[in-house]
Structures are given as C-alpha cells and as structure tokens.
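Structural description and commentary
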Amino acid sequence: MSDKLTEKDMRSPFNSEIAEASEQGMADCYQCGKCSAGCPMVDYMDLMPNAVMRNVQLGLRERVLGCKTIWLCASCETCTTRCPQEIDIARIMDTLREISLRSDLANPEMKDITCFHEVFLRSVRKNGRLDESGIVMNFKTRRPRHLFEDMAIGLQMVMKGKMPFLPHKIKKRSEVKQIFKNCSDE
Amino acid sequence: MAKIGVFICHCGENIGRTVDVDELTDEVAEMGGVVVSTDYKYVCSSPGQDLIKETIQKHDLSGVVVAACSPRMHEPTFRGACSAAGLNPYLCEMANIREHCSWVHTDEEEATQKAIDMVRIMTEKVKRNTELKPIQVPVTKRALVIGGGIAGIQAALDIANCGHEVVLVEKTPSIGGHMAQLSETFPTLDCSQCILTPRMVEVAQHPKIKLYVYAEVAEVEGYIGNFDVKVHQRAKFINADICTGCGDCLEVCEPRSIPSEFDVGLSKRTALYVPFHQAVPNKPVIDNETCKLFTMAAEAGREKLKRSDCGECYEVCPTKPNAVDFNQKDEYIDEKVGAIIVATGFEVMEASEIAEYGYGKYEDVITGLQFERLASASGPTEGEIKRPSDGKTPENIVFIQCVGSRDPAKGISYCSKVCCMYTAKHTMLYKHKVHDGQAYVFYMDIRAGGKNYEEFTRRAIEEDGAIYLRGRVSRIYKEKDVLMVKGFDTLSGMPVEIAADMVVLATAMKARPKVNELAQMLGVSFDSYNFLSEAHPKLRPVETAAAGVYLAGACQAPKDIPDAVSQASGAAAKVAALFSQDLYEREPVVASIDENTCVACFFCLEACPYGAIERKEIKDRDGNLIKTVAFANEAVCQGCGVCVSVCRSNSADLAGFTDEQMFASIEAIWEQVEEKDVA
Amino acid sequence: MNNDDTNMKQIGYYPGCSLSGTAIEYNKSLTGIAPLLGFDLVEVPDWNCCGASSAHALNRKLSLALPARVLAIAEHEGMDSVLVPCAACYNRMVKAQVEAAENENLKQEISAIIEMPFLAKAKPVSIIEFFSEMDSETITSLVKKPLEELKVACYYGCLLLRPPKLIKFDDCEAPQVMENLVTATGAEPVEWAFKTECCGAGFSISKKEVVLDLTEKILRNAKSEGADVIIVGCPLCHANLDLRQVDILKKNKDINIPVLYITELVGIALGLTPKEVGMTDHFIDTSSIAV
C-alpha cells in the first residue's frame, strides 16, 4: 500500500460500496470528530472512528478493512446518537465488519473477538439458543491464552446455578438452521 | 393598420448558436402587420437601442417586439428606447427566445420553429396593446423602522438626517438591542456601549425621530407610499412625559427576584426597572407580570389594585403630578408612513436543547452572550470573569463553537457567521483579565472572512496563547464537583478530556420566533428558519417582495455589526430614493372592473391576495343607492390577474394583459398548428 | 390479548438466552413480581436467540432475521406486545420490527428468510417501558417495604434508549424513567454522570481489560455521588458491573457497591425476600440492602 493518497484511491468504488451497503451518506461526514469524542473504546483503537469514516471517504480499503477499530466497536450507539449530520456510524461499523470478514482482511490481532462472535453464532445455529457454558468452553479451546481465565468465577457460577451444563435446544432447531442458510446464500 | 417592428437579437452566441436568426428574421418579415423585421448582435447595446429609435421614427411604427432575452433583464431598456423615440413604452413587448428557447433546447430546427411561434404570439399581442400611463401615487414621506437595535438605529438616523420623519418602534424598554449587551466588539475591541450609546442618544434627541419603546407594531395596512400602521404601546404605568428619570423609584422597588433579560439571567431585576444604566430612554417601566401590586390582585381574583399590597414607587416619586400611574392602559396609536424597514434582529438559541452539554443543569456552563455580560464593565460582575456557581475566577475556560449551528440533527444547518470571531475575542478578553488563565477552543473551522478578521483570530492563538482544538465535544458532565469536557482533536487524532472551571457555548443565532407573524402582516416572505427573505440574494439584499418594505440586520440572516450597519444604510438609501419624489410611479398593469356588467358577487374581493378590491357604491343624482359593485384600487393592485380568472361576468380585465390580448396570443399558436396539419 | 377471569393482564414474554443462565436472578425477580403487578407473562413458544451483538457484527440479514422469527411467532400467538427484559435483545427486536415496519421490501425479504409470515406488528417492550406504563401511585400502593434512605444510582446503559430515532422513549441524554420508578418504591434516586455510558458489553469475555476499565469509571462515579446500590436492566451490564467488580476490587477496595436488577429492587420493595428475587446469588455482597 502506498504512502501517498492517490487519485486511484480517491476514485475507487470502495466509498460508494460502503455507502450503499450501509445505506448512509458517506459524503455527509464533515469530520467534526464528535463520534470519536464520545466513543468509549477510543483508548484501544488504532484508527479513531472519525478516521475510519475519513479513510472510507478516501477509498483506503485495505487500511479500513484491516484495522482493529471495527472489531473494538462496542455498538453502544453513542456516535449514531450524537452525529450532527445524522449518520448511523454504528451501522457503518457493522457493514465494515461484514465486508472485512468476507474479504478475509480481518486484523489478525482481533482473533479473540472474531472468534468469539463465530463461536456464539455457531452455538445459536446448533441449538437455536445460546449455550452459555458451551461458548465459554469453545472459546477457551480455540483461544487457549484465555484457557485459565476466570476459573474461580466459573466455579462460583456453576455453584450458584448460573451455568447450566447442558444446552437448551429448541424444538424447531431446523428452522433456525434454515435461517442461517438463507442468510449465507445472499 | 398595425405597423409592427420586430428586432431579433443574436445575444452573441447565446441565441445565435441554437436559433437560426436569419431564418427567423425572414419568417417574421412575412407575418401580418410586420413592416420591419431586422436582426442585430446585441440589441440591448447603445447602437442596438439607437437602431430601435431610428426604425420607430423612420417607419412610424405602431408597436415593437424585441425577440431577445427575458423581460426581467431588458424590458425597461427597450421600453426606455421606445419612449425616447416618442412611442408609448407599453406598445413594446419582448419575446423571450433566450431563457425560454435557445437556453433550454438543443435541437436547432425545433428551437428555430419555436422562436418563430413565440415572435408571432407576441406580435399578435402587441397589435392589441394600448397606450398605458404609469400610475402615480402620492408618497407619505415618513418611515417606520421596526426594531431599535444597531440596524434600526442606523437606518432611523440615516433617514432622519435626510430630513424625513421616522417612527422607530422598539419592543423592550430601551433601544440598543443585543449590541448594548456586548462587552467589546471585534476586530477593534472597542467598548460596545461606548460606540453605541452616542448613537442611541442621537436617536432620542433627533427632532425627526419619534421613538416608541415598550411598543410593538400591531397592524399594517396599505401599500408603498401609503401605509397605515397601528402601534401597540404597552402600558408602562409610568408617564414618560412627567418622569424625570431621577431613579428614586428604582431604589424602593422590591423584591429583586426576576431574572434580568439584559443580563441573560446572570443577575436579577425588580418589577419596576430600567434594563441597563445607559438605557435610552432612561426612564423606568413597570412590568405588570411581576409587579406585586398586579400579581397579588390577580391571585386574589381582584380587578382593583390595593394600595396595601405595595405602591412604594408612587409614594417616593417626587414629581407633581406623580409620574407613576397604575391606571395607565395599553394604547393603540395610528401612524401613517410611506416606507417600512424591518430590523427586528435575532435571538440566541436555547442551549438546553443540546442536552449533552448540560446547560441549565450545570451553573458554570454558560452561553456566549452570557460571557459578554460577565466581561462587560457594566455587567453583573463589573467586568470580572467569575464562575456563576461560586464567584471564583476560573483558571481555565473551555469555549465550544458551533453549538446548534451546522447541526442538522439539532435542526439548524446554517453557520451563524459571528461565533468564530466572538469566541476568539472571548479568549482574548479572558487572557487580558486573567493573565494566567488558559483558554481552550473546540472548533470545526475558523470563519474569519471580514476586514482584519483573519489577523484577529490569529492574534488569539499567536499572541494570547489560546489553544485551539479541532473537533466537536461529545458531552459535558460533572465528576464530583468538576466539569469534565469530553472532546476530540482531529488534527492530532487524539481524544481530549479537560477538567473545566467554566464552559462557554457559542450558541446559534436564530430569527425571533414571532417574526413570521409580522412578516405575514407585511407581505414579506421568510424561510424555514424564519429569516426574512430579500428580493434577490445577490442584487437586491435590502428590498423584499413587498414594495415599500425593506430589511436591515440579522432579521434577514446571521451577520455581524458592520454588515448590519451597511445593510441599514442601504435600506435607508432605498427609502430616501422613494421619498425623493412626491409621487411614486407604479406599473399600470392593474385590474379594472366594468361596473356596468359587474354582478356584485365579490368573488374577486375574496380572491385578491393584496386586498386591492373594494366595494363601490353607485348612486343616482339624488344620492340614492342604485347598486354596489366591485372596484379595483389601482394603487394597491399588483396585476396578478386572479380577479380576472374568478370573475363570473367577465367584468374584470387586466391592463396590458387584456382578455383580447391573451386570446389573440393563444390563437396565434393555433393558426400555425392548423397550417402544419394541412401541409 | 384478553383479560381472563383473574383480572391479570397478559403480555408476551421473551426472556432471552441469559435469563436461564448467567442472569437467572433477572428471570426470578421478574417472574416473581409480575403477578404482584397484575401481569401474566406468556412466554413466546420455542423462541430462539435474538443474535445479540454477534449476529449484527457479522451478518446484517441474520441480525434482523433471528429477532424477526421470534416476533413472527409472537404475532402468530396473537400477542400485541412482547416484554423483553434484556436491553440487548430489546434493541435487536426493535430494530427488526421498526425497520421492517417502515420498509415493505425489507419486510418481504425477512419473511422469505425466516420462511414465515412477518407483519412487524408485535411491539417489543423494554423493562423500563413496562414499568413506566404503570401508574406510579399504583406501584407505591403495592409497596410493602418502602426502601427509605436507600440511595439508588439508575444505570440505563446503551441499548435501552439509543439510538433515539429508533427507540422513541424518554430522553437518552437525561433519562428519568428509572428514577421515577425508584421514587415510587420509596427509595432515593441519585443524580450521577454515567447513567448511559457504555460498560463494554460483549467484550466481557473476549477482551476483559476493556470492561474492567469502563466499569471502574461507572462504579466510581456512582459511589462518589453517594449511591448505595446501582440498578440495571441488562444481563450483560449486570455481569460487567457485578461479576467483573470482583477483579476491580482486587486493586481498588474503596469501590465496593452492590448491583441489582431493577426487578430485584422492585421485588424487595413489594415484599419478596432477597433469596426469592435472587440477589443472594450475586458476586458483590447485597446483604446491606434488604435490611
């Protein structure tokens, strides 16, 4: 990726791709920074939220889809609520996440987070509902650095009856499986 | 026999590129009644006009058609040429083959054919034009200025200095407006009241200015040169003619518990009050919504006031007869004027609408206008910057620009124009008064386009150490007793959190809420923000769509003092121009109603948007009423033609656009259509 | 929905996945107080997970389809409204319902994906909306144990009120609904600055340090304004403020503040025991409250 911003970048279809997919006016953003000012996760992000918007406007596809920021967004909707130009920034983050995975550009340092989401959805697809103890186990196995975290707490949860061992499977699981299938075909 | 001369303009390439002017000229020469058909590169030029004049005289033309641009451009030019050649100007019409033809079509053949049709339509019309004379209406050489802020004051003085009488109506008890509330003004840092009050005194002492304060305009009727205005004078309960302004009553009025409007709530006033020390007129009024005598009577359900409730002011007033008069009533005074200038100014947005900034919740979050009062030597803290909560001097102040402005989410898309400048000024005033204080400014852009403005803002940063952070603030909250401002600097890409002693919000400038009612009374348009509309944004900034009504100051759009003053003088010049004649000439395109055929249904009266139709009684020689018919007042009529279209008996007609002229024009299209079909 | 002979109002009920596991107290307390308030909670049959944060993070269509299935079933059962105690589930449900209601094409698309008719008519109701629809005098009249002198910090979190264009309820910058409820129980709501600041949500497991950082700020502010307890309306907020407080306390012993679900507080006020509402199972000791 070049160090200079080129015309090729600025005229690339990435901007309109994101605008269309998120149904938001990307050109509306006048970089006031209010989103970044109110974001609770800024301390952990590489690109600030307003910088994500700017990079999309300038067509810097790899930079945006490969950043950590989009995975660190907590979807708290503060930015969307306060944006003076009424842009749904949280929705744009969702769009960028989806496209980032689809393009296989997700930042490798964010594997904890992407893995968690995948493990979560896998549980829902299988059971129709979230198997809370199951996803914790699953997550720890896939991300072994978390293996011994929260052991004491986990034990207490079990003792308090807050961690049912067996997942609740809904009757019409196949309907949920079908929904997942229908959503992946598009 | 009609002898029409047609002049076809190329307008350089504007018309010539799309319309085949030669073909057009030839075709026109064949039209019935046309004795001369000629073309020229630029008919509006001097030689072009000379060509028209010569041709009129040479061929003794009975009518002229100029096929060129829009009549809005050059109708006066060509009519003037005809006049000069001795032909009644209303026997000259234009066929707009530019804006309505060459500029909107690309197919040459079709455009040329359309131009031919357009010229034929106009030729047929002109054959039926009659000589019209402009209507002259007398002009009352008195002006009404609504609003006593700097714009109103300037306009009033300019007109009065021309020797004409001015009626100046101001809603609050003193003139001066928002400018009187300011501490220093940019870019010179002149003390605002020091430069304003001499003007205010000039107004008060000017023999030609009749000043109403604590008054509003209740009704306006009439038309340019002849307005009938009703001024609603609120009861002051103090006779201003007797009152000497000694101030004894001010000492005794209690309680001092009403938030002062002038100090934007930072101090309290009494019910009997003068808004500020340099008020003009410097005579108090009694606010009956808060005066004990009135409120206690209202609570007890009494109409009569009881002396035992209060009346201290009356007791202490030294004049004979007593200037205090609790029996005073609201008055309605009729004034006749020839022109009106609207200078109602602006108000500042309600900052609590931006809930995330905590205005109204946290005492030390204030607006820019409130900061002006703190910085002002005559203000509630005598010019010392003090926190409203505890009176301490703030060690730092965070200024936030664009609060409400440029914020479609909060309902305002526009920029308020002055905030960048006054915020820079605030940082400088703060620095000059609190040498160790630190000012922070959160901004999106710096708009400093006026003369010496850019240098002024740079001074704040380069010399007075203000720290400018580019980004908006997300929210302001209190952590224990400390105000935390959570913002961002996009230039460094870093979030910023500042523990602020005080926060100043540069709130948006808005039009006054009820001004749309005044506008409707005057026939002036306004936009979705209630800013009044000028006649043309570029070329007619002080006139409105209503003839005789002009604009000055922030009521038209956010602006600073130099622009308000310029606009006020501009409006005054327009008024002076109007008053330079005893008679005002109006276009004779007015309606007339045939009283013989009028059936007196008065649909026209209902339909007329200008109130130009009246009832006229027709009496016999003995004074007995035969019938009442509709009558169009040619002085008020604007020539819209609505009465003509609603008239059931075909009695109404419009001079210059008579039924005969209009039908002939329309039929002129059909003739050609028929010919084409046949061919 | 008809009132049956016992004069109980029926309302659809979507507990959500957490309420049978990590947020079991929420379910306990809510189902405990519902009959006292005159409500019969009718669970949506065979409901599925709403997808929470993970669905919308990865697949927009899925994030609308999963809640839509629940609402479609609710519609089919004749439910006008569905009480959704979890703030995250509620937010997802509202998104699906409102977006489909406002966009016919989207509605059809979702119906096709879930392979069942979906009219976007069943209205999701949040826990605070549920309480706000009751007359505060009614609630006060049911109070058996007025929680006098108990200072309560109401924590709304992110998803009960934002974004305001979607959830047209209360004022997302200066909410008062929970405070009104607290007053009705006899307790004293505390004004504080972190009512709607994010707790870190789903990062509880995948990026714990974020949650510790954000929740510490929230707890600290509540404590500094004199709160005795924080009440919440979301399982994840509760986990982050209660469970994760254990780790925070290791470094900052001064913070210690119990965290209750809204329904637990109301339950105590209406006369239920701590064990009955489930607050004995929290990580941070709550015994100071129900004395």
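Fair warning: this is a prediction, and the values are worked out from it, not measured in the lab.

Tallying secondary structure elements over chain B gives 18 helices and 34 strands in all. Over its C-alpha atoms, taken along the principal directions, chain B stretches across nearly 95 × 80 × 40 Å. Counting every position in chain B, which comprises 679 residues, the buried fraction comes to 46%. Long-range contacts, defined as pairs at least 24 residues apart, comprise 69% of the intrachain contacts of chain B with a sequence gap of at least 6.

Scanning chain A from terminus to terminus reveals 12 helices and zero strands. Listing the helices and strands of chain A from first to last along the sequence gives α-α-α-α-α-α-α-α-α-α-α-α. Across its three principal directions, the C-alpha atoms of chain A cover 60 × 35 × 35 Å. Here chain A, with 186 residues, has 46% of them falling under the buried criterion. The contacts of chain A with a sequence gap of at least 6 include a subset with a gap of at least 24, amounting to 65%.

This next bit is on the interface of chain C and chain A. Often, the extent of an interface is quoted as the loss of accessible area on bringing the components together. At the junction of the two partners, chain C supplies 43 residues and chain A supplies 46 residues. Of all the secondary structure elements, the ones that give two or more residues to the side of chain C that touches chain A are α2 (52–58), α3 (60–76), α5 (104–114), α9 (203–206) and α10 (208–224) of chain C. Split into classes, the residues belonging to the side of chain C that touches chain A amount to 23 nonpolar, 11 polar and nine charged.

A few words on the pairing of strand β1 (residues 9–13) of chain C. Residue and element names in this part refer to chain C. Pairing between β1 and strand β2 (residues 39–43): five bridges, direction parallel. By the bridge assignment, Lys9 is partnered in β2 with Phe39. Between the parallel elements β1 and β2, the chain passes through helix α1 (residues 24–33) in a crossover that is right-handed. In the sheet, β1 pairs with strand β3 (residues 81–84) via two bridges, with the strands oriented parallel. By the bridge assignment for β3, Gly12 is matched with Val82.

All names here are of chain B. Pairing in this open sheet of three strands is antiparallel, and the strands run β11-β12-β17 from one edge to the other. At either margin of the open sheet sits one strand with a lone partner, and together these are β11 (215–223) and β17 (331–337). Across this sheet, the average inter-strand angle for adjacent strands is 20 degrees, counted without regard to direction. The pairing of strand β12 (residues 226–233) with β17 spans seven bridges and is antiparallel. What sits directly across from Gln233, in β17, is Glu331.

Moving on, we come to the interface of chain C and chain B. Each partner contributes to the interface: chain C provides six residues, whereas chain B provides six residues. Here the residues of the side of chain C that touches chain B sort into two nonpolar, two polar and two charged.

The next point concerns the domain arrangement of chain B. Residue and element names in this part refer to chain B. When cut into domains, chain B gives domain 1 (4–133), domain 2 (135–234 + 330–345 + 512–582), domain 3 (236–329), domain 4 (351–510) and domain 5 (591–654). Taken over C-alpha atoms, the centre of domain 2 sits 28 Å from the centre of domain 3. Facing the 18 residues of domain 2 at the interface are 11 residues of domain 3. Here the side of domain 2 that touches domain 3 is composed, by residue class, of nine nonpolar, six polar and three charged.

Per the domain assignment, the segments of chain A are domain 1 (7–105) and domain 2 (109–185). In this structure, domain 1 of chain A and domain 2 of chain A have C-alpha centres spaced 28 Å apart.

Residue and element names in this part refer to chain B. Looking at where Tyr529 falls in the secondary structure, it is placed in the loop between α14 (515–522) and β29 (549–551). Judged by the 15 C-beta atoms lying within 10 Å of it, Tyr529 falls in the partly exposed class. Sequence separation between Tyr529 and Ile412 is 117 residues; the distance between their C-alpha atoms is 8.1 Å.

Right, let's talk about the packing of α3(C) against α5(C) for a bit. All names here are of chain C. For the pair α3 and α5, interaxial distance at closest approach is 9 Å and the crossing angle is 80 degrees. As summarised for this structure, α3 and α5 are arranged roughly perpendicular, according to the angle between their axes. Listed contacts from α5 to Lys61, Leu64, Ala65, Ala68, Arg69 and Ala72 of α3 are Ile110, Ile113 and Ile114.

The next subject is the sheet that holds strand β18 (residues 339–342) of chain B. All names here are of chain B. Here we have five strands laid out as an open sheet, ordered β10-β7-β6-β18-β29, and parallel in their pairing. Pairing within the sheet leaves two strands with one partner each, and these edge strands are β10 (209–213) and β29. Taking the axes of each pair of neighbouring strands and ignoring which way they run, one obtains an average angle of 20 degrees across the sheet. Across four bridges, the pairing between strand β6 (residues 142–146) and β18 is parallel. Bridging across to β18, Ala143 finds its partner in Ala339.

Turning to unusual backbone geometry, a few remarks are in order. With an omega of -5 degrees, the peptide bond running from Glu254(B) to Pro255(B) counts as cis. Relative to the elements of secondary structure, Pro255(B) occurs in the loop between α8 (248–252) and β13 (258–259). Cis geometry marks the peptide bond from Val280(B) to Pro281(B); its omega dihedral reads -5 degrees. With respect to the element layout, Pro281(B) can be found in the loop between β15 (272–273) and β16 (285–286). Notably, Glu77(A) is not glycine yet its phi reads approximately 70 degrees, a positive angle. You can see Glu77(A) is positioned in the loop between α6 (69–72) and α7 (78–82). Assessed through the 24 C-beta atoms surrounding it within 10 Å, Glu77(A) is described here as buried. Although it is not a glycine, Phe602(B) sits at a positive phi angle of roughly 60 degrees. Secondary-structure assignment places Phe602(B) in the loop between β31 (591–593) and α16 (603–607).

Residue and element names in this part refer to chain A. As for its position among the elements, Thr69 is in helix α6. Of the residues examined, Thr69 has 23 C-beta atoms within 10 Å and is grouped as buried. When the C-alpha atoms of Thr69 and Asp46 are compared, they prove to be 5.9 Å apart, with 23 residues separating the residues in sequence.

Before going further, it helps to examine the confidence of the model for chain B. All names here are of chain B. For chain B, per-residue confidence averages 95 on the pLDDT scale, and residues scoring 70 or more make up 99% of the total. For residues 675–679, every residue scores under 50 in pLDDT, and the model assigns this stretch zero contacts once sequence neighbours within four places are set aside. The ipTM for the predicted assembly is 0.92, set against a pTM of 0.88.

Attention now moves to the packing of helix α12 (residues 419–433) of chain B against helix α13 (residues 453–462) of chain B. Residue and element names in this part refer to chain B. Where α12 meets α13, the axes come as close as 9 Å, and the angle between the chain directions of the two elements is 40 degrees. Compared by their axis directions, α12 and α13 come out oblique. Considering how the two elements wind past one another, α12 and α13 form a crossing that is left-handed. Seen from α12, the contacting residues are Cys420, Met421, Ala424, Thr427 and Met428; seen from α13, they are Tyr453, Phe456, Thr457, Arg459 and Ala460.

For the rest of this paragraph, the subject is the pairing of β6(B). All names here are of chain B. The element β6 is extensively covered by neighbouring structure, given that five of its five residues are classed as buried. Sheet topology note: the β6/strand β7 (residues 165–170) ladder contains five bridges and is parallel. Counterpart to Val145 in the pairing with β7 is Leu168. You can see the chain leave β6, run along helix α6 (residues 150–160) and come back into β7, and the turn it takes is right-handed.

Residues and elements named next belong to chain C. Here α3 spans 24 Å end to end across 17 residues, near enough to the 24 Å set by a 1.5 Å rise per residue. When you tally the buried positions in α3, you get 14 out of 17 residues, the bulk of the element. Gly78 sits one or two positions beyond α3 and adopts a positive phi of about 80 degrees.

Confidence in the prediction of chain A, expressed as mean pLDDT, is 92, and 98% of residues score 70 or more. The spread of mean pLDDT over the elements of chain A runs between helix α11 (residues 151–159) of chain A, the lowest at 84, and helix α3 (residues 34–38) of chain A, the highest at 98.

Parameters at a glance
Residues numbered from 1 in each chain as written. Chains lettered and ligands numbered in written order. Predicted model: local features only at pLDDT ≥ 70, side-chain atom pairs only at ≥ 80, totals over all residues. Helix = DSSP H or I, 4+ residues; strand = E, 2+ residues; numbered from the N terminus. Buried ≥ 20, exposed ≤ 12 C-beta atoms within 10 Å, placed from the backbone. Contact = placed C-beta atoms within 7 Å. Nonpolar A, V, L, I, M, F, W, Y, C, P; charged D, E, K, R; others polar. Pairing = 2+ DSSP bridges. Right-handed = clockwise from strand over helix to strand, strands pointing away. Axes fitted to C-alpha atoms, helices over the stretch in contact; angles between N-to-C directions. Domains from an automatic or database assignment. Parallel < 35°, antiparallel > 145°, perpendicular 65-115°, else oblique. pLDDT = per-residue confidence, 0-100. Left-handed = near helix turned anticlockwise from the far one by under 90°. Expected span 1.5 Å × (residues − 1).

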